[in-house]
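Fold and geometry: a report
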Amino acid sequence: MKYESTRGSKNLQSSTTAIIRGIAEDKGLYVPASIPRLPLTIDKMKGMTYQQIAYQVLHTYFDEYTDEEMQKCIDGAYDSKFEAESVVPVIKAGKAWFLELYHGKTAAFKDMALSILPYLMTTACKKEGEQSKICILTATSGDTGKAALEGFADVEGTEIIVFYPKNGVSQVQERQMVSQEGANTHVYAIEGNFDDAQTGVKKIFADSDFAEKLSKMGIKLSSANSINIGRLVPQVAYYVYSYVSLVEKGVLNDGDAMNVVVPTGNFGNILAAYMAGKMGINIGKLICASNENKVLTDFLNTGVYDARRDFHLTNSPSMDILISSNLERLLYLLSDRDGGAVSEWMQQLDSQKVYEVSEKVKDGLKDFYGGFCTESETLDAIGKMWKQEGYLMDTHTAVAYKVYEDYLAATGDDTPTVIASTASAYKFAESVASALGLDENKVRVLSGVSDGVTGFDYVKALEKETSVRVPSGLKNLEEKPVLHKGVCTKENMSDVVLEALK
Ligand SMILES: *Cc1c(COP(=O)(O)O)cnc(C)c1O
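Residues numbered from 1 in each chain as written. Predicted model: local features only at pLDDT ≥ 70, side-chain atom pairs only at ≥ 80, totals over all residues. Heavy atoms only, no water.

On a plain count of helices and strands, the protein chain comes out with 22 helices and 16 strands. What you see for the protein chain is a C-alpha radius of gyration of 21 Å, in line with the 23 Å of a compact globule of 502 residues. Each of the 502 residues in the protein chain was classed as buried or not, and the buried ones make up 61%. Taking the intrachain contacts of the protein chain between residues at least 6 apart in sequence as the baseline, contacts between residues at least 24 apart amount to 76%. Carbon and sulfur atoms provide 45% of the accessible area of the protein chain, an area that totals close to 18,900 Å². (Helix = DSSP H or I, 4+ residues; strand = E, 2+ residues; numbered from the N terminus. Rg over C-alpha atoms; globule rule 2.2 N^0.38 Å. Buried < 20%, exposed > 50% of the residue type's maximum accessible area, 1.4 Å probe, protein only. Contact = heavy atoms within 4.5 Å. Areas by Shrake-Rupley, 256 points an atom, 1.4 Å probe, with all protein chains shown as cover.)

Shown next, in the form of structure tokens:
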């Protein structure tokens, strides 16, 4: 399987090179030269573990890895650090099935891919005889950062640098990152929002003088963001797994359609569902759920991507994004791999912050349904689900559920539906507690504090109130020392990178 760039350069690369580089030389994103079919039928996958299904999916895309190498990557990634025995439980609540992707170390779905990416990357370096040290440069809206830090901490031959928006993440998310141990880890708050962080990182990737400078230091940059194909492909596996799981439960007959709802930010997770469909899983509608930063809702409804709008900080911060990087891959696939057109749209986005896709792409967008949900609707959805079903959703998953309810009301489509449940409620404890009617006073009583209430007290109060288990990675976070105190502006990110790598 070879990989080509979405910007049209026909330089085909091996999967190992694509994973090491992260982004193509023409600044495009790597996509497989064709989307492969699943190697096994659904019937054959019945009864398989998550690891076994992941192996089938990953090895099909990354066929340069030997059987043994791939098995080692899978075994190292999906082991007991996942606190659910099945890795990703599929749970019925309300009108949908929740694919719980957050039982890894950092309590968000980013662990699904970032537990395996370091294995894929170090194996790729070995295979390619790569001599340089790999520096992972990552912009995060809160969850990728911690998951990447956990994944790469003390991995030989790597350094990892994370930039997060200073006032754009929850207190729990921030402490998770700034308390990260590992001699090769570096974390900086940036004075700006996620798009500033992501744009800054992309600029550094595009700067060939800078690359030259690093190269003299024996360092190569790579990415742990979902622009890296090694991050995207592992996400395809859980959609295949969820389908097999619903067949096993008798909810679906082999071949029936399954709808998928994804709370969407950078468009990586929903693109993985789309790819699962192209591999042979019968995916019905792909329901793309946004918060008030609803640039994708508007895009799916009109074919015009218009980022000229105010940026909102919301209670689902991991989706506070106006530039969705992975959409580029979808445009490439829907335009029949027209790299010239994609290049042009991306240039327009860069210079004018707006572009309109072709009729052909608009036609392809009909597989998707776009909807959005406000902050107060998000809290209502959490409260209602808890009260009626005793099921606890985090804010992102709640956005997905509310948009799904809107979709149901609009279409009456009763196809069995899986909702990508992307984070533990405890990561966003403050919002979730307020959704359950726990005001500051009640939180004080429940958590046993006498003065100011912190984000960590909300975790305790929420646990007392719901008896839902706190993921071990989030326990006693407030006692973890702050090891990273760096702050930078979007202008001096490259200086900070050099400083960190000295
Ligand atoms: C990253 C993230 C999302 C958005 O996923 P994308 O792949 O960027 O669309 C949604 N929810 C949570 C909790 C996340 O961490």
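What follows continues from the structure just given.
A word on empty space enclosed by the protein. All told, the structure shown has five cavities of 30 Å³ or more when counted by the stated rule. By volume, the largest cavity is sized at about 280 Å³. Among the elements of the structure, helix 7 (143-152), helix 11 (229-248), strand 10 (258-263) and helix 12 (268-278) are those that each provide at least two residues to the lining of the largest cavity. Taken together, the residues of the lining of the largest cavity break down into 10 nonpolar, 14 polar and three charged. Of the voids in this model, the second largest cavity is the one considered here, and its volume is about 50 Å³. If you trace the second largest cavity, you find it lined by Ser-141, Pro-165, Gly-168, Asn-193, Phe-194, Phe-311, Leu-313, Pro-317 and Asp-320. Of the residues belonging to the lining of the second largest cavity, the class tally is five nonpolar, three polar and one charged. (1 Å grid on protein atoms, 1.4 Å probe; cavity = no way out; pocket = protein on both sides within 12 Å on 5 of 7 lines; lining within 4 Å. Points joined across faces, edges and corners; volume = space filled by probe spheres on them. Nonpolar A, V, L, I, M, F, W, Y, C, P; charged D, E, K, R; others polar.)

This brings us to the packing of helix 20 (residues 440-447) against helix 21 (residues 455-466). When two helices pack together, their arrangement is captured by the angle between the axes and the distance separating the axes. The contact between helix 20 and helix 21 brings their axes to 8 Å, and the two run at 80 degrees. With respect to helix 21, the element helix 20 is oriented roughly perpendicular. Here Glu-440, Val-443, Leu-446 and Ser-447 of helix 20 come into contact with helix 21, specifically with Asp-457, Tyr-458, Lys-460, Ala-461, Lys-464 and Glu-465. Among the residues forming the contact of helix 20 with helix 21, the class breakdown is four nonpolar, one polar and five charged. (Axes fitted to C-alpha atoms, helices over the stretch in contact; angles between N-to-C directions. Parallel < 35°, antiparallel > 145°, perpendicular 65-115°, else oblique.)

All right, on to the nonpolar core then. Formed by 113 residues in total, the largest nonpolar core has its most connected members in Tyr-50, Phe-62, Tyr-78, Tyr-239, Val-240, Leu-331 and Tyr-355. Ranked by residue count, the leading element in this core is helix 11, at 13 residues. With residues up to four places along the chain from it excluded, the contact list for Tyr-50 reads Tyr-78, Ser-86, Val-87, Val-88, Met-112, Pro-234, Ala-237, Tyr-238 and Tyr-241. By size, the runner-up hydrophobic cluster in this structure holds 44 residues, among which are Met-319, Met-393, Val-403 and Leu-438. (Core = buried A, V, L, I, M, F, W, Y, C linked by side-chain atoms within 4.5 Å.)

Further remarks concern the sheet that holds strand 2 (residues 13-14). Pairing is antiparallel across the open sheet formed by three strands, whose spatial order is 2-1-3. Each edge of the open sheet is held by one strand with a lone partner, namely strand 2 and strand 3 (30-32). Examined bridge by bridge, strand 1 (residues 2-5) and strand 3 share three bridges and lie antiparallel to one another. Across the sheet, residue Glu-4 finds its bridge partner in strand 3, namely Val-31. (Pairing = 2+ DSSP bridges.)

What follows deals with the layout of surface pockets. In this approach a probe as big as a water molecule rolls over the atoms, and the regions it shows empty are the leftover space. Its volume calculated, the largest pocket comes out at about 1,300 Å³. Along the wall of the largest pocket there are 44 residues; nearest its centre are Ile-23, Lys-27, Lys-202, Phe-205 and Ala-206. Among the elements of the structure, helix 1 (15-21), helix 9 (194-206), helix 10 (208-216), strand 9 (219-223), helix 14 (327-334) and helix 15 (339-352) are those that each provide at least two residues to the lining of the largest pocket. Of the residues assigned to the lining of the largest pocket, the class counts are 21 nonpolar, eight polar and 15 charged. Taken as a whole, the second largest pocket encloses approximately 470 Å³ of empty space. Lining the second largest pocket are 21 residues, and of these Gly-76, Ser-115, Pro-118, Tyr-119 and Thr-122 sit closest to its centre. At the level of elements, helix 4 (67-77), helix 5 (110-114), helix 6 (117-128) and helix 7 are the ones that each hand at least two residues to the lining of the second largest pocket. No other element matches helix 6, which puts six residues into the lining of the second largest pocket. Partitioning the lining of the second largest pocket into residue classes produces six nonpolar, six polar and nine charged.

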